[in-house]
Structure formats: structure tokens, C-alpha cells
Amino acid sequence: MRRSIVKIISTQRLPDLYQPWTRLNARETGGTGFVIDGSRILTNHHVIAYASQIYIQPHQSAERIAARVLASSAAMDLAILTVEEEGFFDERPPCRWMTPRRAPSPR
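A. Focus on the overall build of the protein. On a plain count of helices and strands, the protein comes out with 1 helix and 6 strands. Counting across all 107 residues of the protein, residues that qualify as buried make up 33%. In the protein, once contacts between residues fewer than 6 apart in sequence are set aside, the share between residues at least 24 apart is 57%. Element-wise, carbon and sulfur atoms account for 51% of the exposed surface of the protein, whose accessible area totals about 8,000 Å².

B. Seen up close, the environment of Glu28. With respect to the helices, strands and loops of the structure, Glu28 is situated in strand 2 (residues 27-36). According to the relative accessible area criterion, Glu28 is exposed, its value standing at 52%. Sequence-distant contacts of Glu28, that is, excluding residues within four places in its chain, are made with Ile9, Ser10, Thr11 and Arg64. A polar atom in the side chain of Glu28 sits 3.3 Å from the side chain of Arg64.

C. Here's a closer look at the side chain of Ser10. Here Ser10 shows up in strand 1 (residues 5-12). Taking the relative accessible area as the measure of exposure, Ser10 reaches 0% and is therefore buried. In terms of polar contacts, Ser10 uses its side chain to reach the backbone carbonyl oxygen of Val47, at 2.6 Å. The contact partners of Ser10, leaving out residues within four places of it in the chain, are Arg27, Glu28, Thr29, Val47, Ile48, Ala51, Gln53 and Ile54.

Here is what the cut-offs are and how they apply
Residues numbered from 1 in each chain as written. Predicted model: local features only at pLDDT ≥ 70, side-chain atom pairs only at ≥ 80, totals over all residues. Heavy atoms only, no water. Helix = DSSP H or I, 4+ residues; strand = E, 2+ residues; numbered from the N terminus. Buried < 20%, exposed > 50% of the residue type's maximum accessible area, 1.4 Å probe, protein only. Contact = heavy atoms within 4.5 Å. Areas by Shrake-Rupley, 256 points an atom, 1.4 Å probe, with all protein chains shown as cover. Polar contact = N/O pair within 3.5 Å; in protein donor to acceptor, adjacent residues only side chain to side chain.

Quick look at the structure:
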């Protein structure tokens, strides 16, 4: 499971609400993502919102791999990313969804 969880690092330039024609200084933010089916990474929208650069950092690695946004929804606070690095997803299988066990039915 740990190989499927990645750190998302993005450089964001948020809009300045007092001067809408400008942007605030760039800042680096981070979040978590995890590998899903289809060679994609699921994360939160707020992690990549207003990002000029997005990187993926694999578990226990200092390497930063460039990523790009495939889809994003502010309303659902979800985003789907991918990386172009060949072989990245070969070593990182999709997370398996765990479903809660049902309680046995009374007889």
C-alpha cells in the first residue's frame, strides 16, 4: 500500500483578492495522493488549485517527478493527475479499495 501513496508538491500563485489584476507571491504547498486504476493519481483539488508546477514525490524518495492535471473539480475537491515518466506506474500498483465487512445477519 505504501508504494501507491505519493506526496503532491505544487507551486501556487493565488489571486490577490484586493488587487484582482495581480497574483500573490508563489508558494510551495503539499498534499497526498494515491495511485488509482488507469495510470492516474487521485488527490484533492485544493492541493493543485492555481498551480504553475506540480510534482509527485514517491514514498521514501527525494525524487520529484513532473505531473499534469487530467481533471479537477473544485466543487468535489478532487483532482486526477498523471505523470509522463515511463515505468512510474509499473512499480506503483493502484490502491485497493477496502469495503467494510458486513455484520452477520441474525437468524
